[in-house]
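Structural features, examined
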Amino acid sequence: MLFNRFLRKNRPVLDSLKICIRLSYRNMSKSIDAASTNSKRGDTDCLPQTTVTQPTPSDDAFVFHNDWPDEIKADFLRDMRLFERFLSVDEEQSLMAEVEQVIQRMRYEYDHWDDAIHGYRETERKNWYPQNRLVLDRVGKFAFDSEVMPYVHILDLARDGIIKPHVDSSRYCGNIIAGLSLLTDCIMRLRRVDEKKYYQGKNANEIQVKANDEATNEFGYYVDVLLQQRSLYIMRDSARYKFTHEVLAPGAEFKGAAIEKDRRVSIICRNDS
Ligand code: OGA
Ligand code: MN
């Protein structure tokens, strides 16, 4: 009797709990399906979606330009990793549905050419819907030895939006940056810089904008990484501090083919500095 009254009184809460569990379960079984389909294809660069294993970078997505010292290259390959098809199509859609809800009223910023990012809108989000939380937890487990910061950064770049070369300020971000790429392929270029020259102080944009073409070409070598739609990159240590990163404009070439970057949404997890 008492139990029945409890059930009646708490019906709305119990119903929403049930929905959460259902969504999580549905998502879990989809991930298991995706993982088994992927492993059937025998892909080595595709991460099984339910297990956390040692990462295997997908080296095909890297093109090294000019002369790289062996040691720096080895460090870079250890510290910059890309996992193609990290997200399933359903997961991408579900993340995008949530992103659209929080970002659709914001305007793209084009005003300040000095900003590191041009043609963008952005926000941070802490409380994600359960099915998307599961995906972010998977990123967290996979990419970070330590805690992920509770706020996840959402960056929406318009089709003609670009990210200019910069190093994220160490004031706001620790040694690891993990980014999911949604909606389009694009090219991320990383150029070697002298990290000592980088002022890592407070900056209005929370990211460091020191690099210009002159400064960033001081070493003369760089790498282009094809960030495929639904991939995850993990940039840490040497890749995060000794290189600037940028996202090239639509039409930039990768292995001789023009990559028509479109609107791009990235979801970026960082650890504390
Ligand atoms: C940034 C940045 C990269 C990305 O927001 O600082 O470099 O993948 N983003 O969008
Ligand atoms: Mn950055």
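To be clear, the structure that these remarks concern was listed above.
Description of the structure in this document. (Residues numbered from 1 in each chain as written. Chains lettered and ligands numbered in written order. Predicted model: local features only at pLDDT ≥ 70, side-chain atom pairs only at ≥ 80, totals over all residues. Heavy atoms only, no water.)

1. Observations concerning the side chain of Asn 271
By the secondary structure assignment, Asn 271 is in the segment after β13 (264-270). In this structure the side chain of Asn 271 is engaged in a polar contact, spanning 3.2 Å, whose partner is the backbone nitrogen of Ile 176. For Asn 271, the contacting residues outside a window of four places in its chain are Phe 144, Ser 146, Glu 147, Met 149, Cys 173, Gly 174, Asn 175 and Ile 176. (Helix = DSSP H or I, 4+ residues; strand = E, 2+ residues; numbered from the N terminus. Polar contact = N/O pair within 3.5 Å; in protein donor to acceptor, adjacent residues only side chain to side chain. Contact = heavy atoms within 4.5 Å.)

2. Comments concerning the pairing of β13
In terms of burial, β13 is a largely internal element, seven of the seven residues being buried. On β13, burial covers both faces: Arg 264, Ser 266, Ile 268 and Arg 270 on one face and Val 265, Ile 267 and Cys 269 on the other are all buried. Bridge analysis of strand β4 (residues 152-168) against β13 gives five bridges, and the strand direction is antiparallel. In the sheet register, Ile 154 faces β13, and the bridge partner there is Ile 267. The pairing of strand β5 (residues 176-182) with β13 spans six bridges and is classified as antiparallel. Opposite Leu 180, over in β13, you have Ile 267 as the bridge partner. (Buried < 20%, exposed > 50% of the residue type's maximum accessible area, 1.4 Å probe, protein only. Pairing = 2+ DSSP bridges.)

3. Regarding the packing of aromatic side chains
In total, this model carries 11 aromatic pairs according to the counting rule given. Measuring from centroid to centroid gives 4.8 Å for Phe 64 and Trp 68, while their planes differ by 90°, and the two rings are edge-to-face. Given the relative accessible area of 23%, Phe 64 is considered partly exposed. Ring geometry for Phe 83 versus Phe 142: centroids 4.9 Å apart, planes at 70°, classification edge-to-face. Linking Phe 83 in strand β2 (residues 80-83) with Phe 142 in helix α5 (residues 130-143), this pair joins segments that are 59 residues apart in sequence. For Phe 83, a relative accessible area of 1% translates into the label buried. Taking relative accessible area as the criterion, Phe 142 reaches 10% and is therefore assigned buried. Here the aromatic cluster, defined as three or more aromatic residues joined through ring pairs, consists of Phe 62, Phe 64, Trp 68, Phe 76, Phe 219, Tyr 221 and Phe 243. (Phe/Tyr/Trp six-rings, centres within 6.5 Å; stacked < 30°, edge-to-face > 60°.)

4. Here we look at the environment of Val 225
Here Val 225 is to be found in strand β8 (residues 222-227). Here Val 225 falls in the buried class, since its relative accessible area comes to 0%. Measuring from C-alpha to C-alpha, the distance between Val 225 and Val 247 comes to 9.6 Å, with 22 residues separating the pair along the chain. Those residues in contact with Val 225 that lie beyond four places of it in its chain are Ala 61, Phe 62, Leu 82, Cys 186, Ile 187, Met 188, Leu 190 and Phe 254.

5. Here we look at the coordination of the manganese ion (ligand 2)
The coordination sphere of the manganese ion (ligand 2) contains the protein donors His 166 (NE2), Asp 168 (OD) and His 245 (NE2), at a distance range of 2.0 to 2.1 Å. Each donor residue of the manganese ion (ligand 2) lies on the same chain, and together they follow the pattern H-x1-D-x76-H. Note that Asp 168 is positioned in strand β4 and His 245 in strand β10 (residues 243-247), a separation of 77 residues in sequence. Accessibility classification places Asp 168 together with His 245 in one group, the buried group. (Donors = N, O, S within 2.8 Å, 3.2 Å for Na, K, Ca; no water.)

6. What to know about the pattern of salt bridges
In total, this model carries 13 salt bridges according to the counting rule given. The shortest N-O distance in the salt bridge between Arg 263 and Asp 156 comes to 2.8 Å. Of this pair, Arg 263 sits in the loop between β12 (257-258) and β13 while Asp 156 sits in strand β4; the two residues are 107 residues apart in sequence, bridging distant segments of the chain. Judged by relative accessible area, which is 0%, Asp 156 ranks as buried. A salt bridge links Arg 191 to Glu 246; the shortest N-O distance between them is 2.7 Å. Linking Arg 191 in strand β6 (residues 186-192) with Glu 246 in strand β10, this pair joins segments that are 55 residues apart in sequence. Neither residue differs from the other here; Arg 191 and Glu 246 are each classed as buried. A cluster of three or more residues bridged by salt bridges with shared partners is formed by Glu 100, Arg 121, Asp 156 and Arg 263. (Salt bridge = Lys/Arg side-chain N within 4 Å of Asp/Glu carboxyl O.)

7. Details of the site of ligand 1
The local shell around ligand 1 holds 13 residues, among which His 166, Tyr 233, His 245, Arg 264 and Ser 266 are the closest. In the environment of ligand 1, an oxygen atom lies 3.3 Å from a nitrogen or oxygen atom belonging to the side chain of Asp 168. A distance of 2.6 Å separates an oxygen atom of ligand 1 from a polar side-chain atom of Ser 266. With the chains in place, 99% of the 290 Å² that ligand 1 exposes on its own is no longer accessible. Broken down by secondary-structure element, the contributors of at least two residues to the shell around ligand 1 are β4 and β13. Among the elements that take part in the shell around ligand 1, β4 stands out by supplying five residues, more than any other. For the shell around ligand 1, the per-class residue count stands at six nonpolar, four polar and three charged. (Near = heavy atom within 4 Å. Areas by Shrake-Rupley, 256 points an atom, 1.4 Å probe, with all protein chains shown as cover. Nonpolar A, V, L, I, M, F, W, Y, C, P; charged D, E, K, R; others polar.)

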